Amino acid sequence: MRILLGHSFPERPAFGAAWIGDWLARLRAAGFDVHPFSLVFDPQRPVTHFRDLDALWRYRDPRLRGMYERLADTLADYDVFVCFNGSNVHPQVLPFLKRFCVYACFDDPESSHNLSRPVASAFDVAMVGNIAELDAYRSWGVRQVRWWPLGFRADDYRPALTEQEILEGRRDVGVALLCERVTRFRKGRVDEFARAFPDGAYYGQGWPAGFLPEASRVALLQNTRVGINIHNSTGPVNFRTFYLPANGVMQICDNKRHLGRIFDLGREVVGYDTIDEAVELTRYYLHHEEERRRIAAAGWKRALRDYNEVACFQRLIDTVHELQPGLATASRKAAAVAELRRLPSPFERVRQRIGLEVWLGIERLRRRMRSLAKKLLYGS
């Protein structure tokens, strides 16, 4: 099975493109025939929300159509297309691709209205990163929905870490949290927790210490006793859910009910529903070292077994096999590419371009007015 994985990072050298490339190279070394494809058609906005994407599609934007033509050409040699980031693929282009198409999204529910909800039902299957949002996809009319955990990457941990180190080794950092501290979704909760543990290690956008150098990340994690996990809203869905236990950190995570569908609560991780509860649990486990170590070791075993990058990608392979996709013939593929390349007349193109610019201008004005209204009403 050959898989083309579309992502939202420009093809030029950048952290995101390098991250995707390195990840897929490791998967190929593990036996998966998977390759990257950049879905970015405008480097100024790598991720295009659906309202703008729909306008660009309807007005036959040449950059967008050119990217879709390259995608259709490239897919001639592949069996499966994965829209990994959930963006930049208009649902009306999917019939032209003539391949089994997988929708993957890890930004729900904060971005569902302008990312996943308008498009997911057009794909053959939705692989959803947020285990709490599976029913939401079904309510949108998505026929096939599966959970696809992010897991942790090979460079997210130190493979030489042993169970004995977790059970007996020294860890000097009591509490750590690596996340941004600026969005309205969780800033209040993050600050409340940090006030309770002022000596903790906190890094990321908005923290006084700023960003932690990537080369220091794993070393910090494997010197940390308790890792707090705070989501924007529902979850668990982030990388922390998996790289904390993979580094022998005892995880205390929100979204307790759904966390229990990923790990064994109380044995592999600890869950909470409120920040007050998180503070109380953190204090408890910082003072009950033997219990903390047992949970950390059990979580480490589970993460390494079920949530490493190979095990997580195998979930995608198993789903595709389960749903038995058909393969397109060369003639069908050629017809699809020809259809995509059918362009309007020069006069029509000018008219559409004028209409598009007017529409985008109205949209920008509408967003500015909404932002101004919020500032007047709420003062922020």
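Description of the structure in this document. Here the structure is a predicted model, which means the values were calculated and not measured.

So, the sheet that holds strand β8 (residues 201-203)
No. 1: If you walk across this open sheet you meet the five strands as β8-β7-β9-β10-β11, and the pairing is parallel. Looking at the sheet topology across the chains shown, the edges are occupied by β8 and β11 (270-271).
No. 2: Where strand β10 (residues 250-253) lies against β11, two bridges are found, and the strand directions are parallel. Within the sheet, the bridge partner assigned to cysteine 253 lies in β11 and is glycine 271.

Quick look at a nonpolar patch on the surface
No. 1: Taken together, the side chains of Leu365, Met369, Leu372 and Leu376 define a hydrophobic patch exposed on the protein surface, amounting to about 440 Å² of accessible area.
No. 2: Within the fold, leucine 365 resides in helix α15 (residues 346-378).

Digging into the packing of aromatic side chains
No. 1: Using the criterion set out here, one finds 20 aromatic pairs in the structure.
No. 2: Between tyrosine 137 and tryptophan 140, the ring centres sit 4.6 Å apart and the planes meet at 40 degrees, which makes this aromatic pair tilted. Each member of the pair, tyrosine 137 as well as tryptophan 140, carries the same accessibility label: buried.
No. 3: Counting every residue linked through ring pairs, the aromatic cluster contains Trp19, Trp23, Phe32, Phe84, Phe106, Trp148, Phe239 and Phe313.
No. 4: Directly above the ring of tyrosine 243 sits arginine 217, whose terminal nitrogen or CZ lies 5.5 Å from the centroid.
No. 5: One residue, arginine 283, lies across the ring of phenylalanine 197, its end atom 5.7 Å from the ring centre.

A few points about unusual backbone geometry
No. 1: Of note, the amide linkage connecting aspartate 108 to proline 109 takes the cis form, showing an omega dihedral of 0 degrees.
No. 2: The residue proline 109 is located in the loop between β4 (100-105) and β5 (125-128) in this model.
No. 3: At the junction of glycine 235 and proline 236, the peptide bond is cis and its omega measures out at 5 degrees in the coordinates.
No. 4: By secondary structure assignment, the location of proline 236 is in the loop between β9 (224-229) and α9 (240-246).
No. 5: Non-glycine residue asparagine 88 carries a positive phi angle of around 75 degrees.
No. 6: Relative to the assigned elements, asparagine 88 resides in the loop between β3 (80-83) and α4 (94-97).
No. 7: Taking relative accessible area as the criterion, asparagine 88 reaches 1% and is therefore assigned buried.
No. 8: Of note in the backbone geometry, lysine 98 takes a positive phi value of approximately 55 degrees without being a glycine.
No. 9: As for its position among the elements, lysine 98 is in the loop between α4 and β4.

A short note on the side chain of histidine 258
No. 1: Residue position: histidine 258 is located in helix α10 (residues 256-259).
No. 2: Given a relative accessible area of 11%, histidine 258 falls into the buried group.

Some thoughts on the sheet that holds β3
No. 1: Ordered by their spatial adjacency, six strands build an open sheet running β2-β1-β3-β4-β5-β6, and the pairing between neighbours is parallel. On the outer flanks of this sheet lie β2 (33-38) and β6 (145-147), each paired with one strand and no other. For this sheet, the mean angle separating the axes of adjacent strands, direction not counted, is 25 degrees.
No. 2: In this sheet, β2 lies alongside strand β1 (residues 2-7) in parallel orientation, the contact comprising six bridges. Along β2, the bridge assignment pairs arginine 2 with aspartate 33.
No. 3: Seen against the sheet, helix α3 (residues 62-74) touches β1, β2 and β3 and runs at an angle of roughly 165 degrees to β2.
No. 4: Strands β1, β2, β3, β4, β5 and β6 of the sheet are contacted by helix α13 (residues 309-323), whose axis makes an angle of about 160 degrees with β5.

Remarks on the packing of helix α7 (residues 187-196) against helix α11 (residues 275-286)
No. 1: Taken N-terminus to C-terminus, the directions of α7 and α11 make an angle of 30 degrees; their axes are 10 Å apart at the nearest point. If you check the angle between α7 and α11, you find them roughly parallel. With respect to the hand of their crossing, α7 and α11 are arranged in right-handed fashion. Side by side, α7 and α11 meet where Arg189, Glu192, Phe193 and Ala196 of the first sit next to Ile275, Asp276, Ala278, Val279, Thr282 and Arg283 of the second.
No. 2: Considered class by class, the residues forming the contact of α7 with α11 number five nonpolar, one polar and four charged.

Rules of the game
Residues numbered from 1 in each chain as written. Predicted model: local features only at pLDDT ≥ 70, side-chain atom pairs only at ≥ 80, totals over all residues. Heavy atoms only, no water. Pairing = 2+ DSSP bridges. Helix = DSSP H or I, 4+ residues; strand = E, 2+ residues; numbered from the N terminus. Patch = residues over 30% accessible without salt bridge, like charges linked within 9 Å, V, L, I, M, F, W, Y side chains within 5 Å. Areas by Shrake-Rupley, 256 points an atom, 1.4 Å probe, with all protein chains shown as cover. Salt bridge = Lys/Arg side-chain N within 4 Å of Asp/Glu carboxyl O. Phe/Tyr/Trp six-rings, centres within 6.5 Å; stacked < 30°, edge-to-face > 60°. Buried < 20%, exposed > 50% of the residue type's maximum accessible area, 1.4 Å probe, protein only. Lys NZ or Arg CZ within 6 Å of the ring centre and 35° of its normal. Axes fitted to C-alpha atoms, helices over the stretch in contact; angles between N-to-C directions. Contact = heavy atoms within 4.5 Å. Parallel < 35°, antiparallel > 145°, perpendicular 65-115°, else oblique. Left-handed = near helix turned anticlockwise from the far one by under 90°. Nonpolar A, V, L, I, M, F, W, Y, C, P; charged D, E, K, R; others polar.

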